[in-house]
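# Results of the structural survey
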Amino acid sequence: MKKWIAVTLVILAVLVAGCAEEKVKPTPTPEEKKETPKEEKATPEKKTPTPTPEKKETPKATPTPKPTPKKVEAKSPVVECTVCHTKSVDYKPHVNGGQLCGNCHGWDPHKIHVGPGTINLDCKVCHGTPPKLVVPKPIEEGRTVCENCHAYPDAVKPSYGNLVNIHLPRGKYCTVCHGTDIAGIHKAADKFVEQ
Ligand code: HEC
Ligand code: HEC
Ligand code: HEC
Ligand code: HEC
Ligand code: HEC
């Protein structure tokens with residue numbers, strides 16, 4: 001009789017354990033169900049890029065199309081300045097721009113060119129190599145040392161400080177310095193209103 005009691009207790013214990021497992025199981029199952037739709041969602045997402053031929057390039061290519069429309073949006077409201085300003089290269093403040101570099105970039109050549117967050121040029125680009133070490137000095141009196149360089153495309157050739165020639169070929173349009181408030185710049189064009 002004691003054996004039967006023991007056996008029933010064992011069976012009960014197993015059943016209770018089974019119930020407990022069953023009770024435990026329900027909680028994981030919705031989680032498993034939650035995971036499965038994710039996988040289902042993930043697969044069509046993976047499928048969408050596939051239409052494009054190269055599978056490896058598509059994930060890299062997908063982020064790039066996004067910036068391109070943004071660039072178009074950013075550029076579209078901006079008027080093409082050079083339509084009217086055809087001689088901006090010859091404007092005095094642009095020609096004499098060498099005096100202004102430091103106002104916007106700072107005057108310390110090392111903070112601009114060397115170290116983290118910069119293009120990190122090798123010292124020898126400006127100072128040469130050991131037997132012929134040089135400290136750059138302005139090519140002409142009245143010029144700044146910045147003008148020794150920054151021609152386009154060869155940045156180590158003299159630019160003579162022309163702001164337009166330095167910035168525009170490098171993709172830095174008039175608006176990086178003058179802003180995009182075109183009406184604000186040209187307020188004088190509305191001078192007739194106040195009269
Ligand atoms: C439709 C012709 C036209 C376009 C396009 C144009 N400008 Fe002008 N801009 C002028 C004229 C004309 C003047 C001189 C009269 C004036 O100030 O309105 C001028 C003057 C300026 C001035 C001098 C303002 C001052 O008060 O000293 C700046 C700076 C300038 N433009 C920048 C720009 C920039 C940057 C762009 C492009 C985003 C641009 N302009 C597009 C015609 C134009
Ligand atoms: C009125 C302000 C201003 C002046 C003056 C100025 N710059 Fe700039 N420059 C800028 C701005 C703004 C940028 C764009 C910065 C950016 O995109 O992070 C720039 C970018 C540059 C770049 C980087 C272009 C690239 O390839 O990314 C160089 C090189 C440069 N300037 C050189 C010069 C030199 C040399 C002078 C003096 C002759 C000068 N700048 C004067 C405002 C100025
Ligand atoms: C973009 C050009 C450029 C680069 C790159 C550059 N320098 Fe210079 N350096 C200059 C200029 C220009 C001067 C002259 C002082 C001035 O105009 O501020 C100078 C001055 C110096 C001086 C002082 C010399 C003196 O007699 O006053 C030292 C030292 C120096 N640089 C070391 C370095 C080292 C080390 C590196 C590389 C980690 C370096 N530079 C990278 C342009 C550069
Ligand atoms: C001996 C030549 C030399 C001199 C002097 C020099 N630069 Fe440069 N600079 C370079 C080169 C080379 C580059 C990198 C190529 C490029 O941007 O076209 C550069 C890059 C730059 C950049 C872009 C930095 C970046 O992180 O992208 C700016 C801004 C700049 N120079 C401004 C100046 C200013 C301002 C001065 C004067 C204080 C100056 N440079 C003096 C050669 C020079
Ligand atoms: C690197 C910066 C920079 C770039 C790029 C630049 N400018 Fe300027 N511009 C200046 C500075 C600095 C001045 C003188 C101070 C001022 O008027 O803000 C100036 C002055 C002017 C003036 C007034 C001229 C005068 O004699 O008073 C006009 C107009 C102008 N810029 C138009 C343009 C146009 C158009 C472009 C593009 C083709 C352009 N700028 C590109 C910095 C820049």
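Bear in mind that the values here come from a model prediction, so they are computed numbers and not experimental data. (Residues numbered from 1 in each chain as written. Chains lettered and ligands numbered in written order. Predicted model: local features only at pLDDT ≥ 70, side-chain atom pairs only at ≥ 80, totals over all residues. Heavy atoms only, no water.)

## Re the site of ligand 2
Note the following rule: Residues are counted as near a molecule or strand when any one of their heavy atoms sits within 4 Å of it. What qualifies as a polar contact is a pair of N or O atoms within 3.5 Å, subject to a donor-acceptor requirement within protein and to the restriction that residues adjacent in sequence count only when both atoms come from side chains. Under the DSSP-based scheme used, a helix requires at least four consecutive residues in state H or I and a strand at least two consecutive residues in state E, with every element numbered from the N terminus. For this classification, Asp, Glu, Lys and Arg are treated as charged, while Ala, Val, Leu, Ile, Met, Phe, Trp, Tyr, Cys and Pro are nonpolar and the rest, including Gly, are polar.
Close to ligand 2 lie 15 residues, the nearest being Cys 101, Cys 104, His 105, His 167 and Lys 172. In this structure, His 105 approaches ligand 2 through a side-chain N or O atom, which is 2.8 Å from a nitrogen atom. Of all the secondary structure elements, the ones that give two or more residues to the shell around ligand 2 are helix H6 (101-105), helix H9 (163-167) and helix H10 (174-178). When grouped by side-chain class, the residues that make up the shell around ligand 2 number 7 nonpolar, 6 polar and 2 charged.

## A word on the coordination of the iron atom of ligand 2
Selection criterion: Metal coordination here is assigned from N, O and S atoms located within 2.8 Å of the ion, or within 3.2 Å for Na, K and Ca; omission of water means that sites may look incomplete. Angle rules define the geometry names used: all angles between 85 and 135 degrees makes four donors tetrahedral, while opposite donors over 155 degrees apart and all other angles between 65 and 115 make four donors square planar and six octahedral, leaving every other case irregular.
Note on the iron atom of ligand 2: its protein donors are His 105 (NE2) and His 167 (NE2). The metal-donor distances range over 2.0 Å. Geometry at the iron atom of ligand 2 is octahedral, judged from its 6 donor atoms and the angles of 86 to 179 degrees they form at the metal. Taken together, the residues His 105 in helix H6 and His 167 in helix H9 connect sequence positions 62 residues apart.

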